[in-house]
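Chain by chain, the residues:
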Amino acid sequence: MKFCFLVEEQYRHDGMPVEVIHQLTLWGHRVDVVRPGGSLLHLTEAVQTSDHDAWVLKTVSGGPGLTLLEAAASAGLTTINDARAIRGVRDKALAAVLGLSRGLPLPATYAAALPELLLEIPESEFPIVVKPADGSSGRAVHLVSSPGRLAEMLPELAGEGLLIAQPYVPNRGVDVKVYSVGGELYATERRSPLHPDHAVRERHVPLSPEIAEIAARVGVVYGLDLYGVDVVLGPDGPVVVDVNDFPSFRQVPDAPERLARAVLALAAGADGATATPPAAATAAPVAPPPLGAVPVPMTAGRTA
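Computed from a predicted model, the values in this text were never measured in an experiment.

A.B. asks: Just give me the short version of the packing of aromatic side chains, but keep the residues and values in it.
C.D. replies: Summed over the entire model, instances satisfying the criterion amount to 2 aromatic pairs. Taking 5.4 Å as the distance between ring centres and 40° as the angle between the ring planes, the aromatic pair formed by Y179 and F249 counts as tilted. With a gap of 70 residues between them, Y179 in strand β9 (residues 174-181) and F249 in the loop between β13 (237-245) and α8 (255-271) connect regions that are remote in the sequence. Residue Y179 is classed as buried on the basis of its relative accessible area of 0%. Pairwise contacts between aromatic rings join Y179, F246 and F249 into one cluster.

And the structure:
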């Protein structure tokens, strides 16, 4: 099979997707890598002459890669994840509305185009978490204790574009990150970006049925196949605080092989081809899912 990977400069040496690309190549597949932020693109030619079985996006939020992926999708090409689904989670304001309307446990969400408008949030909602609507990798995420503290931070928040604010969910300073790959869910525990001084070793953890059900619903609600979900355990149960398309998949056992096989399966599901790697006879088998991995359905990322 033939793939086009859109890789932002920030991720050109990152394990994901570099190791996935390497694995697909070892299996005999062709992978073209396009760096949308670092090269002149003949956009119409790239899309109209494409013979790729699928396009895969690994870029920062707000980068040019998503536009190119959407162009490919508009031409009827297969994208992984679905381009519309990626747009739905990269805009965190839109993601909050979509999730809350479909019954996912997300915090109430405010949005403001200007930082000073956040001062209208009732004091009873504080402390709040403020972050850019198009943020990624924990960039510019702030835990704000009071309206007074928010007023002091206005210069720092200027220039971040649309901002969202959500009431802080009290927790023990630990996020549960759930990854969905190859029809399985894997849970890891890590330090919350809101509590940088909290000592937590990132590690694989058992996945509770309640969090597994929420994480599986996230994929259905947003239409994602390969994704990550950040969950905190609040006083009233698990709360979803972020959703990411094509995250790092850290702590997922044999992640490159699992992701490569998932990409093959999704591309094959869209066109009816076989997903078996040509070099499967010589490639090392992927280990079975670890104890606690939870199966979820996979769908092809084809956009009409």
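A.B. asks: Can you tell me about the side chain of N171, naming the residues and giving the values?
C.D. replies: One can find N171 in the loop between β8 (163-167) and β9. N171 gets classed as buried once you look at its relative accessible area, which sits at 19%. A distance of 3.4 Å separates a polar atom in the side chain of N171 from a polar atom in the side chain of Y168.

A.B. asks: Hey, could you go over the side chain of S192 for me, with residue numbers and the actual values?
C.D. replies: As for its position among the elements, S192 is in the loop between β10 (184-191) and β11 (203-205). Apart from the residues lying within four places of it in its own chain, the contact partners of S192 are G173, V174 and D175.

A.B. asks: How would you summarise the sheet that holds strand β2 (residues 30-34) if you had to cite specific residues and measurements?
C.D. replies: The parallel open sheet is built from 4 strands, whose spatial order is β2-β1-β3-β4. The sheet terminates laterally at β2 and β4 (79-80), the two strands that pair on one side only. Pairing geometry for strand β1 (residues 2-7) and strand β3 (residues 54-58), over 5 bridges, is parallel. Residue pairing in the sheet places V7 in a bridge with K58 of β3. On top of the sheet, helix α1 (residues 15-26) reaches β1, β2 and β3; it is set at about 165° to β1, its chief contact. Its contacts with the sheet put helix α3 (residues 65-74) on β1, β2, β3 and β4, and the angle it makes with β3 is roughly 160°.

A.B. asks: How would you summarise the confidence of the model for the protein if you had to cite specific residues and measurements?
C.D. replies: In the predicted model, the protein carries a mean pLDDT of 87, and the fraction of residues at 70 or more is 88%. Mean pLDDT values over the elements of the protein span from 48, in strand β14 (residues 294-295), up to 98, in β8. Across residues 272-292 the pLDDT falls below 50, and counting only partners more than four positions away or on other chains, this stretch makes 32 contacts in the model. Counting contacts from residues 297-304, a segment whose pLDDT is below 50, to residues more than four positions away or on other chains yields 31 contacts.

A.B. asks: Describe the pattern of salt bridges, naming the residues involved and giving the relevant values.
C.D. replies: Summed over the entire model, instances satisfying the criterion amount to 13 salt bridges. A salt bridge links R30 to D32; the nearest nitrogen and oxygen atoms lie 3.2 Å apart. The partly exposed category is assigned to R30, whose relative accessible area is 47%. When the shortest N-O distance is used, the salt bridge between D245 and R90 registers 2.9 Å. Of this pair, D245 sits in strand β13 while R90 sits in helix α4 (residues 83-90), placing them 155 residues apart in sequence. Like R90, D245 is buried.

A.B. asks: Explain unusual backbone geometry to me, using residue names and the numbers behind them.
C.D. replies: Between M16 and the following residue, P17, the backbone shows a cis peptide bond with an omega angle of 25°. By the element assignment, P17 lies in helix α1. Going from F126 to P127, the amide bond is cis rather than trans, its omega being 0°. Of note, the phi angle at Q251 is positive, near 75°, even though the residue is not glycine. Residue position: Q251 is located in the loop between β13 and α8. Residues other than glycine seldom take positive phi values, yet D254 does so here, at roughly 50°.

How each quantity is defined
Residues numbered from 1 in each chain as written. Predicted model: local features only at pLDDT ≥ 70, side-chain atom pairs only at ≥ 80, totals over all residues. Heavy atoms only, no water. Phe/Tyr/Trp six-rings, centres within 6.5 Å; stacked < 30°, edge-to-face > 60°. Helix = DSSP H or I, 4+ residues; strand = E, 2+ residues; numbered from the N terminus. Buried < 20%, exposed > 50% of the residue type's maximum accessible area, 1.4 Å probe, protein only. Polar contact = N/O pair within 3.5 Å; in protein donor to acceptor, adjacent residues only side chain to side chain. Contact = heavy atoms within 4.5 Å. Pairing = 2+ DSSP bridges. Axes fitted to C-alpha atoms, helices over the stretch in contact; angles between N-to-C directions. pLDDT = per-residue confidence, 0-100. Salt bridge = Lys/Arg side-chain N within 4 Å of Asp/Glu carboxyl O.

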